[in-house]
There are 2 protein chains.
Amino acid sequence: MPYTAPVRDLVFACELADLAGVARLPGFEDATPELLRSVLDEAGKFAAEVLAPLNHSGDRRGARLEGGRVVTADGWRDAYRQFVAGGWNGLPFDPAFGGQGLPWLAATAVAEIWHAANMAFSLCPLLTQSAIAAIEAHGTPRQRDTFLPKLVSGEWSGTMNLTEPQAGSDLSAVRTRAVPATTSADGDHHRISGQKIFITYGDHDLTDNIIHLVLARTPDAPPGVKGISLFIVPKFLPDNRGAWTRRNAIETLSLEHKLGIHASPTAVLGYGGKSGGDGGGDGENGGDDGGEKSENSGAIGYLVGEENRGLMYMFTMMNLARHAVGVEGNGVAERAYQQAAGFAAERVQGRADDNGGGGGERVPIIRHPDVKRMLLAQKCRIEALRALSLTVAANIDHARRQPDAEAKARARDLLEVLTPVIKGYATEVGVENVSLALQVHGGMGFIEETGAAQHYRDQRITPIYEGTTGIQAMDLVGRKLTADGGAATARVIARIRAECEALGDADDQDITVMADAMRAALDLLQAAAESLVAAAAADARLPGAVAEPYLRLWGVTACGWRMLKAAAVSRAELARDGGDGGDGGDAFYRHKIHTAKFYFAAEMPQASALAEVIGRAAPLIADAGADLFEVA
Amino acid sequence: MPYTAPVRDLVFACELADLAGVARLPGFEDATPELLRSVLDEAGKFAAEVLAPLNHSGDRRGARLEGGRVVTADGWRDAYRQFVAGGWNGLPFDPAFGGQGLPWLAATAVAEIWHAANMAFSLCPLLTQSAIAAIEAHGTPRQRDTFLPKLVSGEWSGTMNLTEPQAGSDLSAVRTRAVPATTSADGDHHRISGQKIFITYGDHDLTDNIIHLVLARTPDAPPGVKGISLFIVPKFLPDNRGAWTRRNAIETLSLEHKLGIHASPTAVLGYGGKSGGDGGGDGENGGDDGGEKSENSGAIGYLVGEENRGLMYMFTMMNLARHAVGVEGNGVAERAYQQAAGFAAERVQGRADDNGGGGGERVPIIRHPDVKRMLLAQKCRIEALRALSLTVAANIDHARRQPDAEAKARARDLLEVLTPVIKGYATEVGVENVSLALQVHGGMGFIEETGAAQHYRDQRITPIYEGTTGIQAMDLVGRKLTADGGAATARVIARIRAECEALGDADDQDITVMADAMRAALDLLQAAAESLVAAAAADARLPGAVAEPYLRLWGVTACGWRMLKAAAVSRAELARDGGDGGDGGDAFYRHKIHTAKFYFAAEMPQASALAEVIGRAAPLIADAGADLFEVA
């Protein structure tokens, strides 16, 4: 199925996210709408011609483990080579390390295109990007100089190694060990031993080296999350002459057989296992995972920053990765939506505006009301989430570069609250969207060759990895709400409220209806936040019980905020054109207003239902014992 | 993953559905709770020991087409043999044809167990059951005597052949031809030629013969749905000595490669194709599909009832099949829920009642609030839908056997309205439930070996086949609402209201809250129905645009009706035991009240949101042109 990058809407959403304000930040002076459009046009072309055509074949073929090495699907290597040659990998990174120095806002708009065109492919640069962020923020100058140029160019890729069989959402249970050592060849380093699972692109044949970022415990580390350190563990180490050809003691033990993203290799990695005695070869001179290691066994790894602060450093990566996964969920939804709309425009079935009785011409199903409903639902959610996630991206730029301390603090507040919302809500809604896209196809949707089923399978991981929706929701009610008594949350709500109030002044019935709905939703959100702060004080079990509906209430309200602004801007543009929002003026703006109105008619009503759930369900959840769930 | 039939809740739900009233119908005198329980115990044993263990292996292996014949997955043939030997296939059918003569209510409770244990397997008897219903209702005495005994026993299986590549939801486009003919061997018959797709169990190796029920057009048939006739087309015809060994001209052209239910063969069937000249052999003396057929080419088929009334006859099958698919969706959800609850009880991760900060003992995740929320959501929906679908099943029995004309008419009213609701709502909610069940597993849910992903894939067909949710919704607002100006719908609402009001009299705060919520929801439902009747008169496009949220409003309200009754009955049982609904009394009833309260706290709030969508979204959908959905 073809894919067309929604360039105009991406540019529109970036402008809505205050691209102009981002372009006033130091170093981003070139980030004009014109530059953005030309970058997106080029990205869209590359995505349509190179990445999108490999999406279905990659799913069919998958990545394979052959003789201990991972082989990517046909065409993958060539596509990655072109991706790197085009300079796409380094878009938002420091020019000092070879990056393009574009704002995170622009890079996020481009990233949506990669995710939509080929989610399994795009995970490789997504993980590399996270590794870059961690090394940039916490690595030594030498680590930065050694690893960043090749990671930024894409010559090497990166991974995140957190999970172990017994340590999933709960990283306090990490067992991988890191023993300090020194050799003339490798200087001060650690020997890493243990097993990591769920490692995305943990091995592959796209790059000459893979830089693993690994959480592990040093010998004297305290228990729990306060005893975890972060290590750089390259697949290949430098040899005597500085060429990165010496195999480190990392084995790819297996690849997971997954529901989706078959072309993205999800590896079980063994560090310092059978073949990993001294980090220098394939000999069986090491112990096995369970045994004690000598000082010289284990994979060679380099400590990042200080010992025992690994989890904090990992969060540097994770917050960006969480935002990126939200964008990914929305990108996959866009792809599925395009496929559904294309199918509906072609598939002739039934008669015009007919409930089944016959008569009238046979029409494509895109003219049937329930099909239009399903397409509109997808469209309004995707556009709202696009606008919201790009707004968050713009605030990432402000949080990094804004010289004004107050504005910077505002941006950080917003990021704190909205990062878990984007991750949790955009992926959950993304799953609903791809299911609707499949449904539009009727019986054909269930047939794998159609392609709709792949999106349904691929998308299902997005509410899980980088922290499940439950983990995001706990973050939102815990660290982001009750921890400071609701202060930061109240500031973000006030900021959104002020903007909505300003927009609602328009002498326009449609906008007024939306602004009224926003006022009501923000009242509900503020009341819910306050009730959860109070509940936490009374019974610590309660906020977590309704954290997920609270996250959804945030999502539906924040999306409304963006759709109100989108409608107001569109109305103004139409007025400037002399159009009236009826049949006159630029169709893009008329469609945007139509979509925003639908959002408020069909999505926003959830807000009051969610508020009611938040108000009523918590004690029933908290009081449910495990025996309630036994089969009667 | 093991499966335990929820026998006690099935018996409870049957009694809630007025098993006693069904047992007063002629011929059902033996249908006591004791009999039901023993039948369900036996079914549960067979499901757990024979069917459930084949579910995952069947998915892995799938059904295959080998040399023109379909081979089912390993173990399938033996399981089917045992299923038939146990008399399970004929449970609800006329003892005159070898059936057990049990009420549809009891057979539905048993069917949930088959669907839960092994959805792909259970589709074979489900389709046979539909074929039996059509032949029983519309076949000649000779057709009944010929086909029913072997279909009822399960010695033969049945299929439904509706869909063609150009005729999916719109059967007016059916092209398969049926030309009248007579021969000494086969008597009066038709020669059928054409291609049918999506034929569940269209070929397989479980039975000696397959009886296809096929929609086709006779030469002089009028166009559209009024020119479709129904034919019995057996895979094997009787030879000279009456043995059913003579191959009919039906070819299995291919099997679909599907998202789920891999072990259920979905066939493309060619009737009277290359190998189907005279219905008697494998010679290539026929034409191909596109060409004109001679009088003697085509598969031999026997007209059911009158010409051109085939679609009406097919609806006899379809209404039962639609109800059955709703039950199936809920059965698969039960299986997925059991797996999720089992996983959550075993998987240790995180600390007791802790939001991530450490401290406290490590606990199974079933003690974490968000996991409990996900399990409770599944549990309350499954139990509510079980109670509702069994209530509909009881009304199927009343509609057939109730001697009192008024009571019979009431039962038919309820069936008319609630059949599309069960099909549409139980399957849509079923998809949400299996997704939640997968989510409970975290990363393991995305790994195929865990098994949660299979339910997610399998379940996705249920809102599609036997009429998509959109088709159900159009039926609900069209034939079931606007066609009679809302009269039947109002009668059903009044019946539900009266029952809720009677229950709400209890001197019990919990019950009163539920009864109040039901009153509000029924008001919203009645108002929505009236508004759609009025809208239909003003603009025929409008009701279809919000038919789906209207169906959901029906679903959430009707489920509430059943949960209110479940809670009231449970409260009465506890009072009888001397328990107080606190820690005293039978845990089953305490859990039921807890679950019902959660249903009203967490699910019922949707009602007002849906009513708001129904009231606001229709014009925005109706006015959306196809250009709105083009990529900007």
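That block above? That's the structure.
Bear in mind that the values here come from a model prediction, so they are computed numbers and not experimental data. (Residues numbered from 1 in each chain as written. Chains lettered and ligands numbered in written order. Predicted model: local features only at pLDDT ≥ 70, side-chain atom pairs only at ≥ 80, totals over all residues. Heavy atoms only, no water.)

### Here's the deal with the overall build of chain A
Of the regular secondary structure elements, chain A holds 20 helices and 14 strands. Taken over the C-alpha trace, chain A has a radius of gyration of 25 Å; the compact-globule value for 632 residues is 26 Å, and the two agree within 12%. Oriented by its inertia axes, the alpha-carbon framework of chain A measures out at about 80 × 65 × 55 Å. Within chain A, buried positions represent 64% of all 632 residues. (Helix = DSSP H or I, 4+ residues; strand = E, 2+ residues; numbered from the N terminus. Rg over C-alpha atoms; globule rule 2.2 N^0.38 Å. Buried < 20%, exposed > 50% of the residue type's maximum accessible area, 1.4 Å probe, protein only.)

### Describing the interface of chain B and chain A
Taken together, the contact pairs 98 residues of chain B with 98 residues of chain A. Of the roughly 8400 Å² buried at the junction of chain B and chain A (both faces included), carbon and sulfur atoms supply 63%. Put simply, chain B and chain A have 4 salt bridges between them. Across the pair Arg-373 of chain A and Glu-548 of chain B runs a salt bridge whose closest N-O atoms are separated by 3.3 Å. Linking chain B with chain A are 42 residue pairs in polar contact (both at pLDDT 80 or more), by the criterion used here. If you tally residues by element for the side of chain B that touches chain A, the top one is helix α18 (residues 587-603) of chain B, at 9 residues. Class assignment of the residues belonging to the side of chain B that touches chain A gives a composition of 47 nonpolar, 23 polar and 28 charged. (Contact = heavy atoms within 4.5 Å. Buried area = accessible area lost by both parts, 1.4 Å probe. Salt bridge = Lys/Arg side-chain N within 4 Å of Asp/Glu carboxyl O. Polar contact = N/O pair within 3.5 Å; in protein donor to acceptor, adjacent residues only side chain to side chain. Nonpolar A, V, L, I, M, F, W, Y, C, P; charged D, E, K, R; others polar.)

### Some details on the nonpolar core
By size, the foremost hydrophobic cluster in this structure holds 406 residues, and its most contacted members are Tyr-550 and Trp-554 of chain A together with Tyr-550 and Trp-554 of chain B. Discounting residues that sit within four places of it in the chain, Tyr-550 of chain A has contacts with Leu-476, Val-477, Leu-481, Thr-489, Leu-525, Ala-528, Ala-529, Leu-532 and Ile-614 of chain A. (Core = buried A, V, L, I, M, F, W, Y, C linked by side-chain atoms within 4.5 Å.)

### Focus on the packing of helix α5 (residues 76-85) of chain B against helix α7 (residues 119-138) of chain B
Residues and elements named next belong to chain B. Interaxial distance between α5 and α7 falls to 12 Å at its minimum, and their mutual angle equals 50°. If you check the angle between α5 and α7, you find them oblique. As α5 runs across α7, the sense of the crossing is right-handed. Facing Trp-76, Ala-79, Tyr-80 and Phe-83 of α5, the residues of α7 in contact are Ala-120, Phe-121, Cys-124 and Pro-125. Per-class residue counts for the contact of α5 with α7 are 8 nonpolar, no polar and no charged. (Axes fitted to C-alpha atoms, helices over the stretch in contact; angles between N-to-C directions. Parallel < 35°, antiparallel > 145°, perpendicular 65-115°, else oblique. Left-handed = near helix turned anticlockwise from the far one by under 90°.)

### Some thoughts on the environment of Ile-261 of chain B
Positionally, Ile-261 of chain B belongs in the loop between β10 (250-255) and β11 (266-271). Excluding anything up to four places from it in sequence, Ile-261 of chain B contacts Phe-446 of chain A together with Met-119, Ala-120, Leu-123, Asp-458, Ile-461 and Tyr-465 of chain B.

### Topic: the relation of the copies chain B and chain A
Superposing chain B onto chain A takes a rotation of 180° combined with a translation of 0.0 Å along the rotation axis, leaving an RMSD of 0.0 Å. Here the two chains are linked by the operation of a two-fold rotation axis. When C-alpha distances to the rotation axis are compared across chain B, the minimum falls at Ala-609 of chain B, with a value of 3.1 Å. Taken together, the interface assignments show that 100% of the residues at the interface of chain B recur at the interface of chain A, consistent with an identical surface on both copies. (Least-squares fit on C-alpha atoms with pLDDT ≥ 70 in both.)

### Thoughts on the environment of Ser-57 of chain A
Residues and elements named next belong to chain A. In this fold, Ser-57 is placed in helix α4 (residues 53-61). C-alpha separation for the pair Ser-57 and Ala-263, spaced 206 residues apart in sequence, amounts to 8.8 Å. A polar contact is formed between the side chain of Ser-57 and the backbone oxygen of Leu-54, at a distance of 3.3 Å.

### Comments concerning the pattern of salt bridges
Residues and elements named next belong to chain B. One pass over the structure, following the stated rule, counts 84 salt bridges over all chains. Residues Arg-60 and Glu-448 are paired through a salt bridge, measuring 3.8 Å at the closest nitrogen-oxygen approach. Of this pair, Arg-60 sits in helix α4 (residues 53-61) while Glu-448 is found in the loop between α11 (405-440) and α12 (452-459), placing the two residues 388 residues apart along the sequence. Glu-448 gets classed as buried once you look at its relative accessible area, which sits at 4%. Two residues, Lys-480 and Asp-475, come together in a salt bridge whose shortest N-O distance is 2.8 Å.

### Thoughts on the packing of aromatic side chains
Across all of its chains, the model carries 33 aromatic pairs over all chains by this definition. Their ring planes at 70° and their centres at 5.2 Å tell us that Phe-83 of chain B and Trp-114 of chain B sit as a pair that is edge-to-face. Pair noted here: Phe-83 of chain B is in helix α5 and Trp-114 of chain B is in helix α6 (residues 104-117), with a separation of 31 residues, a long-range link. Residue Phe-83 of chain B is classed as buried on the basis of its relative accessible area, which comes to 1%. A relative accessible area of 7% places Trp-114 of chain B in the buried class. Taken together, a centroid distance of 5.8 Å and an interplanar angle of 75° make the contact between Tyr-599 of chain B and Phe-600 of chain B edge-to-face. Note on Tyr-599 of chain B: relative accessible area 1%, which makes it buried. The ring centre of Tyr-456 of chain B lies 5.7 Å from the NZ or CZ of Arg-460 of chain A, which sits over that ring. The cationic tip of Arg-479 of chain B hangs over the ring face of Phe-315 of chain B; the distance from NZ or CZ to the ring centre is 5.3 Å. (Phe/Tyr/Trp six-rings, centres within 6.5 Å; stacked < 30°, edge-to-face > 60°. Lys NZ or Arg CZ within 6 Å of the ring centre and 35° of its normal.)

### A short note on the side chain of Arg-457 of chain A
By the secondary structure assignment, Arg-457 of chain A is in helix α12 (residues 452-459). Arg-457 of chain A sits in the buried class, given a relative accessible area of 3%. In terms of polar contacts, Arg-457 of chain A uses its side chain to reach the backbone carbonyl oxygen of Leu-259 of chain A, at 3.0 Å. When sequence neighbours within four positions are dropped, the list of residues in contact with Arg-457 of chain A reads Asp-59, Arg-60, Leu-259, Gly-260, His-262 and Glu-448 of chain A together with Leu-259, Phe-446 and Arg-457 of chain B.

### Quick notes on helix α6 (residues 104-117) of chain A
In a regular helix each residue adds 1.5 Å, so 14 residues correspond to 20 Å; α6 of chain A covers 20 Å between its end C-alpha atoms and thus fits that length. Along α6 of chain A, 14 of the 14 residues are buried, which leaves the element largely enclosed by surrounding structure. (Expected span 1.5 Å × (residues − 1).)

### Concerning the pairing of strand β9 (residues 244-247) of chain B
Residue and element names in this part refer to chain B. Direction of pairing for strand β8 (residues 236-238) relative to β9: antiparallel, over a ladder of 3 bridges. When the sheet's bridge partners are listed, Phe-236 is paired in β9 with Arg-247. In sequence, β8 turns back onto β9 through a hairpin of 5 residues, with Gly-242 there showing a positive phi of about 85°. (Pairing = 2+ DSSP bridges.)

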